[in-house]
Amino acid sequence: MPAVTVENTLILPRVAAPAEAVARPVLTVTTAPSGFEGEGFPVRRAFAGIAYRHLDPFIMMDQMGEVEYAPGEPKGTPWHPHRGFETVTYIMDGIFDHQDSQGGGGTITNGDTQWMTAGSGLLHIEAPPESLVMSGGLFHGIQLWVNLPAKDKMMAPRYQDIRGGQVQLLTSHDGGALLRVIAGELDGHQGPGITHTPISLVHATLAPGAEVTLPWREDFNGLAYVLAGRGSVGVDRRPVHKGQTAVFGAGSSLTIRADELQDANSPDLEVLLLGGQPIREPMAHYGPFVMNTRAELEQAFEDFQKGRLGTIPAVHGMSEGGL
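Cut-off values and rules
- Residues numbered from 1 in each chain as written.
- Predicted model: local features only at pLDDT ≥ 70, side-chain atom pairs only at ≥ 80, totals over all residues.
- Heavy atoms only, no water.
- Helix = DSSP H or I, 4+ residues; strand = E, 2+ residues; numbered from the N terminus.
- Rg over C-alpha atoms; globule rule 2.2 N^0.38 Å.
- Buried < 20%, exposed > 50% of the residue type's maximum accessible area, 1.4 Å probe, protein only.
- Contact = heavy atoms within 4.5 Å.
- Areas by Shrake-Rupley, 256 points an atom, 1.4 Å probe, with all protein chains shown as cover.
- Lys, Arg positive; Asp, Glu negative; His and termini not counted.
- Charge placed at Lys NZ, Arg CZ, Asp CG, Glu CD.
- Pairing = 2+ DSSP bridges.
- pLDDT = per-residue confidence, 0-100.
- Salt bridge = Lys/Arg side-chain N within 4 Å of Asp/Glu carboxyl O.
- Axes fitted to C-alpha atoms, helices over the stretch in contact; angles between N-to-C directions.
- Polar contact = N/O pair within 3.5 Å; in protein donor to acceptor, adjacent residues only side chain to side chain.
- Core = buried A, V, L, I, M, F, W, Y, C linked by side-chain atoms within 4.5 Å.

S.K.: Help me get a handle on the overall build of the protein chain, residues and values and all.
M.R.: Helix and strand counts for the protein chain stand at three helices and 27 strands. The C-alpha atoms of the protein chain give a radius of gyration of 19 Å, which matches the 20 Å a tight globule of 323 residues would have. Of all 323 residues assigned to the protein chain, the portion counted as buried reaches 55%. Pairs at least 24 apart in sequence give 73% of the contacts found in the protein chain among residues at least 6 apart. As displayed, the protein chain has an accessible area near 13100 Å², and 52% of this comes from carbon and sulfur atoms. Between the mean site of the 22 positive side-chain charges and the mean site of the 36 negative ones, the protein chain shows a separation of 5 Å.

As structure tokens, this is what we get:
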């Protein structure tokens, strides 16, 4: 899991533990069920079983892999529509190509993030490049869906390609944790991701035995998803391990700790920390559409069926009827 790293964390700006912060309690710890997405790549459904009031403005998150593909095995997703939200794809290992019906897209690899605002709608495809399909190799990433408020749901689609080198790198007070701020702000340090709905997205790597207490906006919710390794969350050290999501309650700081002993294939504790300002609007969600009312969902399906979300580029030799 290389993502973006440094040899010496002590050269990085440090995030000090808040002096008078209110520690956020851990409300729940859930285990993500496993499944398959698209053409058959394995995923863990990180938010399954968590009440939406704890997730808002986040809708869902899948951990894609970690999987070592043999030659010919890498898989992606077929062409599919989106409307009404943003997709965030963060790749830690491997390569993914993205393309949409409006000519947007690109290639992301170790440590890169693609932020796609679907807005009023488009068709989209994600797949490994032909070279990776031929060679096989390690693939690991996450895809996060972030809701848009009603006023922004029909905005024009847009992309942000965030390269690994643009991510804000920080460390804990003792250098025991590497903190990658992808979006939002942490202790005055701003990540490169620009969001319509205010959120924070941080990938933290904690060395065995390391503990970090981070300031966290009181108007944000707080979630921690374990990508790899073992540790604990909260001041009462609630145990967590790979594939589990911790939901934090109200407060102004959150605490994560790595166990002294880690699994051989996961030398560190890898955690994705998420927080966002709840939208608190009605949500109508079905498949690839996230709207506010059932009528808006029906309109989205009609627009898709009538080709109003775009057409698949002819270079792929496919037609819209193939979806």
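There's plenty left to go through after this.
S.K.: Hey, could you go over the pairing of strand E9 (residues 105–108) for me, with residue numbers and the actual values?
M.R.: With four bridges connecting them, strand E8 (residues 96–100) and E9 associate as antiparallel partners. The residue of E9 that forms the bridge with His98 is Gly106. A loop of four residues connects E8 with E9, the two strands running antiparallel in sequence, and Gly103 in this loop sits at a positive phi of about 90°.

S.K.: How would you explain the side chain of Thr197 if you had to name every residue and give the values?
M.R.: By the secondary structure assignment, Thr197 is in the loop between strand E17 (189–190) and strand E18 (199–206). With sequence-adjacent residues up to four places away left out, Thr197 is seen in contact with Pro57, Val146, Asn147, Leu148, Pro149, Gln277 and Ile279.

S.K.: Got a sec to walk through the confidence of the model for the protein chain? Specific residues and values, please.
M.R.: When pLDDT is averaged along the protein chain, the result is 90, and 94% of the positions lie at 70 or above. Confidence over residues 316–323 falls short of pLDDT 50; this stretch has 15 contacts with residues more than four positions distant or in other chains.

S.K.: An account of the pattern of salt bridges is requested, with residue identities and associated values reported.
M.R.: Pairing is possible between side chains that carry opposite charge, provided their charged atoms lie close to one another. Per the stated rule, a full pass over the model turns up 13 salt bridges. Glu302 is the partner of Lys306 in a salt bridge, and the nearest nitrogen-oxygen pair spans 3.3 Å. The partner of Glu302 in a salt bridge is Arg308, with the nearest N and O atoms 3.6 Å apart. By relative accessible area, Glu302 is classed as partly exposed at 31%. Among the ionic contacts, a cluster of salt bridges with common partners joins Arg83, Glu302, Asp303, Lys306 and Arg308.

S.K.: If you had to explain the sheet that holds strand E12 (residues 137–147) to someone new, which residues and values would you point to?
M.R.: Taken together, the seven strands give an open sheet; going across it, the order is E3-E4-E5-E12-E7-E10-E13, and neighbouring strands pair in antiparallel fashion. Each edge of the open sheet is held by one strand with a lone partner, namely strand E3 (34–37) and strand E13 (158–162). Strand after strand, the sheet turns through a mean of 25° between neighbouring axes, direction not considered. Note that E3 and strand E4 (residues 41–45) share four bridges and pair antiparallel. Counterpart to Phe36 in the pairing with E4 is Pro42.

S.K.: Tell me about the sheet that holds E18, and please be specific about residues and values.
M.R.: Reading across the sheet, the eight strands line up as E1-E14-E15-E18-E25-E20-E23-E2 and stay open at both edges, with mixed pairing between neighbours. Only two strands of the sheet have a single neighbouring strand rather than two, namely strand E1 (14–15) and strand E2 (26–31). Where E2 and strand E23 (residues 244–248) come together, five bridges link them in antiparallel fashion. Bridging from a neighbouring strand, Val26 pairs with Phe248 of E23.

S.K.: Tell me about unusual backbone geometry, residues and numbers included.
M.R.: Looking along the chain, the bond that leaves Asp56 and enters Pro57 is cis, with omega of 20°. Looking at the element boundaries, Pro57 is found in the loop between helix H1 (52–55) and strand E5 (58–69). With omega at 15°, the peptide bond leading from Gly65 into Glu66 counts as cis. In this structure, Arg237 is a non-glycine residue whose phi angle is positive, near 55°. The phi angle at Arg280 is positive, at roughly 55°, despite the residue not being glycine.

S.K.: Could you give an account of the side chain of Arg83, with specific residues and numbers?
M.R.: On the secondary structure map, Arg83 appears in the loop between strand E6 (77–82) and strand E7 (85–93). Here the side chain of Arg83 touches Asp303 through a polar contact of 3.0 Å, side chain to side chain.

S.K.: Lay out the nonpolar core in plain terms, naming residues and giving numbers.
M.R.: One finds Phe47, Phe58, Met61, Ile142, Leu144, Leu201 and Leu274 to be the most contacted residues of the largest nonpolar core, which totals 31 residues. Among the secondary structure elements, those contributing two or more residues to this core are E5, E7, E12, strand E15 (177–183), E18, strand E20 (222–228) and strand E25 (269–276). Setting aside its immediate chain neighbours within four residues, Leu274 contacts Phe47, Phe58, Met61, Leu144, Ser200, Leu201, Trp216, Asn221, Gly222 and Leu223. One finds Val212, Phe220, Val233 and Val271 within the second-largest nonpolar core, a separate group that totals 27 residues.

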